[in-house]
2 protein chains.
Amino acid sequence: MGLPVEKITSLQNPRVKQLVKLRDRRPRDEAGVFLVEGYREIRRALEKKVALTELYFSPEWFLGENEPALIEQARAAGAQVFELSKETFAKVAYRERPDGLLAVAPQWRRALEELTLPAAPFLLVVEAIEKPGNLGTILRSADAAGCDAVIVCDPVTDIFNPNVVRASTGVLFSVPLVVAESTAVHTWLKAKKVRTIATTPAAETLYTAADLRGPLAIVMGSEQYGLSEFWLKNADLPVRIPMAGQADSLNVAMATIITLFEAVRQRSV
Amino acid sequence: MGLPVEKITSLQNPRVKQLVKLRDRRPRDEAGVFLVEGYREIRRALEKKVALTELYFSPEWFLGENEPALIEQARAAGAQVFELSKETFAKVAYRERPDGLLAVAPQWRRALEELTLPAAPFLLVVEAIEKPGNLGTILRSADAAGCDAVIVCDPVTDIFNPNVVRASTGVLFSVPLVVAESTAVHTWLKAKKVRTIATTPAAETLYTAADLRGPLAIVMGSEQYGLSEFWLKNADLPVRIPMAGQADSLNVAMATIITLFEAVRQRSV
């Protein structure tokens, strides 16, 4: 390290206590920040110019050799840097197998009107997703499929939950993400002349038979309840994925990636 | 319960100790059995006429009201039934949130030659998958896509790992599953005139441009290393999935489901 770094060894240190608290939503929202744990996730945050406020590291947990460079990069970008003892880091780490890096990043709120969209946008709308792991996986899928934005309607899980950050492998920082109410989203999509395709097992049309080109929003329901009445009634076209096996073999993350990549196929022809 | 049931309350009970041991592969293989935890998974095992040898239950953990009927069904099918105290069940449970049901089932070994295949089989071959959760998710995908069998080559993870059973949501019992060496699998596929399509980022052909109809085996590599030299050299056609975002946004389970459902689409036209 080029500069002297404060070393924290006490489990009673107020910063340590605050990091543990940030696993819960209310303290996160009150502080307006969230946790970013892990080399890959922090690297992606820095790549996307996210202004990390704090970076905590513990060399005894490091897995590779690139950590010091990342720490210097974070410091140069304005983060306060702290070294933690092995035991202290174990307490603040959220992961079972920590890699000795944990950052604090500012939360953000983006409005629908702030999205910059191409002429034929390709959007993913997810409704009331309950499990942070599913939301993170869905963000990865949207990134891989090249969605222009992901819109999270009426969220049950907080997009800044540590498990979302983790399951998204940091894609949270690169995919434009908006949280909004379903009614507002529907009105906005209508105004933008974006067609809405909603996946539901009750639909007659196969997802492969629907035209997924042009301005498009794919709408996915929640794990337990599927699509709400609102989207079932207001989506332009309900479609279904054919199922060969057990009725519940596809979870929402799997159904999402299947539908997204069919859209990619059609849109690239 | 119709019949008297032995109740186990001691953490030192040999059955309790054995159940904990069965989380590890060697004791599983030595005993020739594996753990099936949870209502849904046990129900599927019974549906598929798997001869559960033992069933452990603990009413204080039950989540619903159908557990007694399932227990009676297991007993009628020949399982030894034991009641555990709440604390004892907490020790043997593998899940973070147990539902009070844990069974022991016999392992099986199925050879390639034992597979009964249709004229144009639709197979999934996975090579050296490392993470049990990925293998379980892949089994779910194969079930949903209607694969005739899943062939696990040169496995790194044991198909009877509790996390495979769990992530597969019991589909392990319904999808025909064979473990074999890559060379034997390749020879067998050649003899059966099954085309092999291997997914690798280095391929020129897009997976959507390949003909995925007729006798088909989709071959997927491991999480960390991708396809082995053997399959890269011996597969009939390498294909790739187009990637818009971060290079690692698609994991092997996601790449598998995308490829499987493109095959489903082509095969249903």
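Residues numbered from 1 in each chain as written. Chains lettered and ligands numbered in written order. Predicted model: local features only at pLDDT ≥ 70, side-chain atom pairs only at ≥ 80, totals over all residues.

Asks: Summarise the overall build of chain A; cite the residues concerned and give the values.
Replies: For chain A, the count of helices and strands is 10 helices and 12 strands. On C-alpha atoms alone, chain A measures out to a radius of gyration of 20 Å, which is about the 18 Å that the 2.2 N^0.38 rule sets for 269 residues. Counting only C-alpha atoms, chain A reaches 65 × 40 × 35 Å along its principal axes. When each of the 269 residues of chain A is scored for burial, the buried share is 46%. (Helix = DSSP H or I, 4+ residues; strand = E, 2+ residues; numbered from the N terminus. Rg over C-alpha atoms; globule rule 2.2 N^0.38 Å. Buried ≥ 20, exposed ≤ 12 C-beta atoms within 10 Å, placed from the backbone.)

Asks: Talk me through the domain arrangement of chain A; I want residue IDs and the actual numbers.
Replies: Residues and elements named next belong to chain A. Each assigned domain of chain A is listed here: domain 1 (6–106) and domain 2 (112–268). A straight line from the C-alpha centre of domain 1 to that of domain 2 covers 31 Å. Counting from both sides, the interface comprises 14 residues of domain 1 and, opposite them, 9 residues of domain 2. Secondary-structure elements contributing two or more residues to the side of domain 1 that touches domain 2 are α2 (25–31), β2 (33–37) and α3 (39–47). Classifying every residue of the side of domain 1 that touches domain 2 by side-chain character gives 6 nonpolar, no polar and 8 charged. (Domains from an automatic or database assignment. Contact = placed C-beta atoms within 7 Å. Nonpolar A, V, L, I, M, F, W, Y, C, P; charged D, E, K, R; others polar.)

Asks: Any details on the nonpolar core? Residues and values, ideally.
Replies: A:Ala103, A:Val150, B:Ala103 and B:Val150 are the most contacted members of the largest nonpolar core, which totals 173 residues. Those residues within four positions of A:Val150 in sequence are excluded, and the remaining contacts are A:Leu124, A:Val126, A:Leu139, A:Ala142, A:Val175 and A:Leu177. (Core = buried A, V, L, I, M, F, W, Y, C linked by C-beta atoms within 7 Å.)

Asks: Give me the lowdown on the pairing of strand β4 (residues 80–84) of chain B, citing residues and values where you can.
Replies: Residues and elements named next belong to chain B. In this structure, strand β1 (residues 6–8) lies alongside β4, joined through 3 bridges in parallel fashion. From the neighbouring strand, lysine 7 faces β4, where its bridge partner is glutamate 83. Across 4 bridges, the pairing between strand β3 (residues 54–57) and β4 is parallel. The residue bridging phenylalanine 57 from the neighbouring strand is glutamate 83, located in β4. Handedness of the crossover is the feature at issue here: the chain leaves β3, passes through helix α4 (residues 67–76), returns alongside β4, and the resulting connection is right-handed. (Pairing = 2+ DSSP bridges. Right-handed = clockwise from strand over helix to strand, strands pointing away.)

Asks: Quick one: what's the story with the interface of chain A and chain B, residue by residue and with numbers?
Replies: With 24 residues of chain A in contact, the opposing surface of chain B contributes 24 residues. Within the residue set of the side of chain A that touches chain B, elements represented by two or more residues are α6 (132–145) and α10 (252–268) of chain A. Of all the elements, α10(A) adds the most residues to the side of chain A that touches chain B, at 6 residues. Residue composition of the side of chain A that touches chain B, grouped by class: 12 nonpolar, 8 polar and 4 charged.

Asks: Explain the pairing of strand β9 (residues 195–199) of chain B to me, and be specific about the residues and the numbers.
Replies: Residue and element names in this part refer to chain B. Here β9 lies mainly inside the structure; 4 of its 5 residues are buried. In terms of strand pairing, β9 meets strand β11 (residues 216–220) through 4 bridges, oriented parallel. Along β11, the bridge assignment pairs arginine 195 with leucine 216. Bridge count for β9 against strand β12 (residues 237–240) is 3 bridges, and the pairing is parallel. Bridge pairing in β12 places threonine 199 opposite valine 239.

Asks: Could you give an account of the relation of the copies chain A and chain B, with specific residues and numbers?
Replies: The relation between the two chain copies is a rotation about an axis coupled with a shift along that axis. Once chain A is rotated about the relating axis by 180 degrees and shifted along it by 0.0 Å, it coincides with chain B to within an RMSD of 0.0 Å. Here the two chains are linked by the operation of a two-fold rotation axis. Scanning chain A for the C-alpha nearest the rotation axis identifies A:Ile258, at a separation of 2.8 Å. The residues that chain A uses at the interface reappear at the interface of chain B in 100% of cases, marking a shared surface. (Least-squares fit on C-alpha atoms with pLDDT ≥ 70 in both.)

Asks: Describe the sheet that holds strand β11 (residues 216–220) of chain A, listing the residues and the values that go with them.
Replies: Residues and elements named next belong to chain A. Read across the sheet, 7 strands follow the order β8-β7-β6-β11-β9-β12-β10 without closing on themselves; strand pairing throughout is parallel. One side of each edge strand has no neighbouring strand; the edge strands of this open sheet are β8 (177–180) and β10 (205–206). Sheet analysis places strand β6 (residues 122–127) next to β11, joined by 5 bridges and oriented parallel. When the sheet's bridge partners are listed, leucine 123 is paired in β11 with alanine 217. Contacting β6, β7 (149–153), β8, β9 (195–199) and β11, helix α8 (residues 182–191) runs over the sheet at an angle of about 140 degrees to β7. (Axes fitted to C-alpha atoms, helices over the stretch in contact; angles between N-to-C directions.)

Asks: Tell me about the sheet that holds β9(B), residues and numbers included.
Replies: Residues and elements named next belong to chain B. The 7 strands lie next to each other as β8-β7-β6-β11-β9-β12-β10, forming an open sheet whose pairing is parallel. Looking at the sheet topology across the chains shown, the edges are occupied by β8 (177–180) and β10 (205–206). Taken strand by strand, helix α8 (residues 182–191) contacts β6 (122–127), β7 (149–153), β8, β9 and β11, and its axis lies near 140 degrees from that of β7.

Asks: Account for the confidence of the model for chain A, with residues named and values stated.
Replies: Averaged over all residues, the pLDDT of chain A is 94; the fraction at 70 or higher stands at 99%. Model confidence for the complex: the whole-complex pTM is 0.91, and ipTM, which rates the interface, is 0.90. (pLDDT = per-residue confidence, 0-100.)

Asks: Can you tell me about the packing of helix α3 (residues 39–47) of chain B against α4(B), naming the residues and giving the values?
Replies: Two numbers describe a pair of packed helices, the interaxial angle and the distance between the axes. Residues and elements named next belong to chain B. For the pair α3 and α4, the least separation of the axes is 11 Å and the interaxial angle reads 35 degrees. The handedness of the crossing between α3 and α4 comes out as left-handed. In contact with Tyr39, Ile42, Arg43 and Leu46 of α3, α4 contributes Glu67, Leu70, Gln73 and Ala74. Of the residues contributing to the contact of α3 with α4, the split by class is 5 nonpolar, 1 polar and 2 charged. (Left-handed = near helix turned anticlockwise from the far one by under 90°.)

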